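Remarks on the overall topology
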Amino acid sequence: MASPPFYIPFAHWDSTPFQPPYASITTSKFLTGWLVLGLANGELLILSRATDSPIPRARLCGHKAPVVVLEPLLVRTETTEQELLLSLDSVGTLCKWSLADGRCLQNVYSTISSRPRGLRIVKKQKADAKDPVVMIYGAGTEILVLNAETLETVLLWTGNLDWPLPVVSGRSRVMTLLPDGQIQGWGLNSRSLGEGGRGRLALAMERDHTKQLSAEIKENMGRVRGFERVSEKGYVIVQKTGVSSYVLEDAKFALKEIMPVDLEIGVAGYQIVPKKGVRKALVMVWSEDGQIRAFELDENTTFGHSVKLSLKPVRGKSTVVSIACTRQEDKYLIAAFGHLGGSDSGRERARGDFLMAAFSADSAGADIRWAEKNEALTSSPLLRDDVTSSCSAIFANMLAIAYGPRLRFHSLSSFLLSYHEPIKEIHIPTTARICLLKRVRVGEHVAHGKDAGIKGGNEYLIIGTTNGELFIIEAPSFQLSKRLPISSTTVCSANLLLSNLGKRLRFALIASSADGTASIVDVERARIMVTFPSHDYSPLVSYATKTAQNTILLTYEDYVRREWNMGEEDGGVLKAPPSSRGSDRDRGALGTYERDLTGEGWREVRVGKFELVEEDREDEGDDAIGDGTIKNCERLCERGLPTASVNVRAVLDVLSHAVRIAKERTRASERRVVENHPALITAKSLLTSLVPDGIEELLGWEEGDYKWRTSVRSLFFQRKNPAVFGQMGAGKNVSILAKEAFNETEDGISGISPTVSACILLAALSTIGGLLEASGNSEFLDVVIVRALSRLAITGNEPALGVFAKYWMDENPIIRITARKCLGISIGTLSEERRTNTIAYWARFLPVQVPPELFSSKEVVRSVIILGQLIADHPDSVEQGLKKCIALSVELLLGDSNHSFQDTAIELVGHGWTTFQSLFDPFEVIHILIRIAASTMDDFSEARRKTLNKCILKIAEKNSPLLGSGLANNISYGSSSSQPAALAAVSLSTALGVSIAAMRTVIMIVREDAILFRDVLRLIIAAVVKILDPNGGLREKVMPTITELINEMVEAYPTIAFHRPTQRLALSVSPGIIMIYDLKTSAEVNALQGHHSLANFLTFSIDGKFLVAVGLEESMFFVWKFVTGLLSFIGGGNDGAPAVLQPKRKEPFANERNVGIVEIEWTGERSVRVTAGSQSTVFQNVDSTQASSWNIL
């Protein structure tokens, strides 16, 4: 199964301005202790309000469009209540962030089809208060309703006649204002889905007919800007030139007062500071020219003190784009942001005004003093680089970062620990700035077989500049090509064409510039083959090609398409568009080409700003890009923040590969990875960056334990200048924390949040595990894990269990083992209060608790892992009702079609079988496991097979009789029981597959540990005999598997004997009884008696007429002779019971030393030798009733 990505971003913040170039602030919000800014490029800036001057704390990179709305959300987390942040951009992308550590928890793309205008958070009724919903509304009639916990869509509300402005009027109550003044009341209610919905509830918006109201809208005050609730019964409507207050009383929406705002160019934005205690609500509006008005509202919703403020920019002319206001003791704190103009080029366009002030409403704003805070937008006043980074790429297994006209190449180690000392630096001969880096591989091919994948080819780095030049660097020589001018404007894109095109286009490069000029470049020869002129200076959006043809179709931003034929000579010919065919309804402005080109044989590729950059792609890694240990964060480098994500799993995989090679060496002293091995250096660099203060920060200090402590200390580098730690969140969104954020607490990184603690701890401990294995000291890993978790417990920074549960099933064995040990130890050391909170938090996500639409949520599987391990290791800490819910949840995951869910449940079933077997139907669970084993799908890998076998072996160790009974039912009936209802639901083909899978499971157990099934052999043999019934229809199909099973059992158990010619099977079932089965007729034919203890060793004679048995307890030798012909029916009971036979001969054998293993050998047709250690006893003429034997010493 595919493991979740394990990336940790690292950035170098100290050499980079905090505010990215050419990005203005579009929205802002005061939160508890924080000031959050939304930028036009989609970035979020988190500023701390711990001091008088805001201090940069985090950069959150998740949006790709301007952020338009910021809203806090108070939720219950695993450890405590936490304030989260919801951010919405102009294209409808919604992200949820943790303000504690900056992680992106969830994101949703394209929430609504229209332009978003805002969002509301609606709390439901008290019984369901834990699950509020988020409403997103825009420039349309639809409103999208999302579950605030998971951001899953629960309702698309389309019952509005016009563009509504919703406002929360109470729990589960919403009112919408339409442009004509109509106000409609709505209720967010739950409806039962009936029997088909398994008792689940669905949300629905239902109109509240008691609240069909009308507001008196003054048309002369312009368009409505906003509709807000300011008190229990008070509301305000903000228009372009005025603010009106209303009171909802006696089912009437009465106009209370109108307040003109006296802004020359009208209201551009507004904010409501809600009423708090005895303090009044504040309505603040502002215009783009910097004029601000604020009005207090008393309890009667009448306007009180009025404040008139003026924002005077410190430099130049400013356009106010956002204002944030909050209470600060008895005053109001205001932050204003503007965009500076007056400069046509250069960096001055990028800088904006950031002013802060405090004022009181009583003084009408006379006490306000504006203070410029632009320095808060820069992390360091003295930058160590003259320019910021502009782009980056992975090339030659290194990270290439562009600074102006220079290229710096970093290995993973140099980027993490010595950023200002790159491995290599190349100066590009240009006066412009590098704006594009693209890695391409020319001449690669697809290999098959054991070396399957993309192989071969030469690697090149394409460099584009802002004045339209191209340069090419070849690996590994790093030779720089000559200048290739393609345009006079900025190079926007460079894409390698496929190898299956025509001769002139295959492996060529198509590059485009900002004015739409496109060129075909021969990368290997570093020459321009042909240049296609631009179309009215419209940028190129995409290109399309056809297999085996020298034809290319270019699509521009104005939807015009041009087709060029390269032919076999230099240059290209513009082809006339195809003639119109049929209806042009779907062709639009694209001439006579279809919108979807695939139907005409074209393969279209998006370019430039429409292209997915590396971090947007779905695949976790690319084998063709080095060893996969480092991942480019191109968008962040474009914003001036050099960032790279380290793939922890890939680092450990490379190190493990080096360890495997070292262990294959001949000399024992050389079976370790050498100190200067690149894999070892990379892993040490990662560990040092994760824990900059070394072993003391991770493990603390105690006297003693010098041996393992010295070994672990040697894994850290001493000389270092580590990068700033970041996090890769949902949607591969990156958040970077400032260095100051790690210094605010004595515990450093551990003090940020439980999730950060868990991420760093798991990555660091897993890396230590890999390094200890490489140095031959892997036995120290357990004590290191215990010490690290003990130190966190002492400091009170308990890690988040959800992180360990996330990697509980990781494909890398070191990460998997470390995560499981961390989770087990953390659960075992939980305090009573923390255990109660953990159970209460995760119980909400159990599959039996969540609605079907949320079943795929990541928290669902993690809840089962955490609570499943909790009740398996500490069953007395959970009440019985919740135990059953957890067990049923495990069973639900086990029966789900999602293989990831199944594998997790399989592991949990094996781990906690002792507890689970009394909480669910164990026979049904065993049947599900066998059904999974019977899978014939191609993706049933060997790894899944091993996981399943391991689970079944654990069940056998804990309750082999129950497992044997369950397997017997599956062998005999192909179902979990022999009840008629269960049998009726099983088809013949299904029964066959399940039966064979069950027998193969028995074979596996017998091979792995035969003693586990020593006491259930009779159940298994009886099931095998039953399925061999000639009238059953499955005999011939199961015969090969049964043959293999009997061979394995005869070899493993001396209490079983089989005579192939006569198809007789003998089994010593209990003391004094040996059963004889005839596999031809599928029946019990004889019961052999006459001995008192268990017959420990059995064997048939060569002709199958005799059975010899040896009992160690009696030290006796027994011989039974089978009756054939008509006489074989004598002795059977009237009820069909097998005939009882007494031994024909019964004699002692020599075993003076009480040897536990006896060998029986037929030396002739009627002679047998019994060997016990060094003593042998030979019995002659076993057909005779008289004793004739002698001992051979």
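Along each chain, residues carry numbers from 1 onward, in the same order as the chain's sequence is written. A pLDDT threshold of at least 70 governs which residues receive local features in this predicted model, and a stricter bar of 80 or more applies before side-chain atom pairs are shown or counted, although totals over entire chains, interfaces and linings include all residues. Side-chain figures throughout are based on the complete set of non-hydrogen atoms in the structure, without hydrogens or water.

An unreviewed UniProt entry lists the protein chain under the name WD40 repeat-like protein, with Tuber magnatum given as the organism.

For the rest of this paragraph, the subject is unusual backbone geometry. Residue Pro476 is bonded to the preceding Ala475 through a cis peptide linkage, with omega at 5 degrees. Each helix is a run of DSSP H or I of at least 4 residues and each strand a run of E of at least 2, with the numbering of both proceeding from the N terminus. Within the fold, Pro476 resides in the loop between strand S38 (469-474) and strand S39 (479-480). With a phi close to 60 degrees, Phe507 is a non-glycine residue in the positive phi region. Of note, Phe507 is situated in the loop between strand S41 (491-496) and strand S42 (509-513).

Our next topic: the sheet that holds strand S11 (residues 133-138). The criterion for strand pairing is that DSSP finds at least two bridges linking the strands in question. Taking strand neighbours across the sheet as the criterion, the 4 strands line up as S10-S11-S12-S13 in an open arrangement whose pairing is antiparallel. Lying at the two open borders of the sheet, with one neighbouring strand each, are strand S10 (116-122) and strand S13 (153-157). Direction aside, the axes of adjacent strands within the sheet are offset by 20 degrees on average. Bridging between S11 and strand S12 (residues 143-147) involves 5 bridges; their strand directions are antiparallel. Axis geometry follows a simple rule: fit a line to the C-alpha atoms, using only the stretch in contact for helices, then measure angles between N-to-C directions, giving values from 0 to 180 degrees.

What follows covers helix H3 (residues 648-663). To estimate how far a helix should extend, the number of its residues minus one is multiplied by 1.5 Å. Its 16 residues give H3 an end-to-end C-alpha distance of 23 Å, which sits within 8% of 22 Å, the value for a rise of 1.5 Å per residue. The cut-offs for exposure are 20% and 50% of the maximum accessible area for each residue type, with area from a 1.4 Å probe on protein chains only; residues under the lower value are buried, those over the upper are exposed, and the others partly exposed. Every buried residue of H3 is listed here: Val648, Arg649, Ala650, Val651, Leu652, Leu655, Ser656, Ala658, Val659 and Ala662. Whether two residues are in contact is decided by their heavy atoms: any pair within 4.5 Å suffices. In the core, the buried residues of H3 are packed alongside strand S1 (7-11), helix H1 (412-417), strand S51 (643-647), helix H4 (678-690), helix H8 (754-775) and helix H11 (813-828). Any pair of N or O atoms that falls within 3.5 Å is considered a polar contact. Within protein, one atom must be able to donate a hydrogen and the other to accept it, and sequence-neighbouring residues count only if both atoms are side-chain atoms. The opening residue of H3 is Asn647, an N-cap whose side-chain oxygen sits 3.2 Å from the backbone nitrogen of Arg649.

We now examine the packing of helix H21 (residues 1017-1027) against helix H22 (residues 1035-1052). Where H21 contacts H22, the two axes come as close as 10 Å, and the packing angle between them is 155 degrees. Between H21 and H22, the angle is such that the two are roughly antiparallel. The element H21 and its partner H22 pack so that their crossing is left-handed. Between H21, through Leu1017, Ile1020, Ile1021, Val1024 and Ile1027, and H22, the contact on the second element is made entirely by Arg1035, Val1038, Ile1042, Leu1045 and Met1049. In this classification, Asp, Glu, Lys and Arg are treated as charged, Ala, Val, Leu, Ile, Met, Phe, Trp, Tyr, Cys and Pro as nonpolar, and every other residue, Gly included, as polar. By residue class, the composition of the contact of H21 with H22 is 9 nonpolar, no polar and 1 charged. Here the word oblique covers every angle except those under 35 degrees (roughly parallel), over 145 (roughly antiparallel) and from 65 to 115 (roughly perpendicular). Handedness of a helix crossing follows the sense of rotation of the near helix relative to the far helix, less than a right angle counterclockwise being left-handed and clockwise being right-handed.

Contact geometry for H8 and H11: axes closest at 9 Å, N-to-C directions at 125 degrees. By the angle between their directions, the pair H8 and H11 is classed as oblique. Two packed elements cross with a definite hand, and for H8 against H11 that hand is right-handed. For the pair H8 and H11, contact is made by Leu762, Leu765, Ser766, Gly769, Gly770 and Glu773 and by Ile814, Ile815, Thr818, Ala819 and Cys822, respectively. Residue composition of the contact of H8 with H11, grouped by class: 6 nonpolar, 4 polar and 1 charged.

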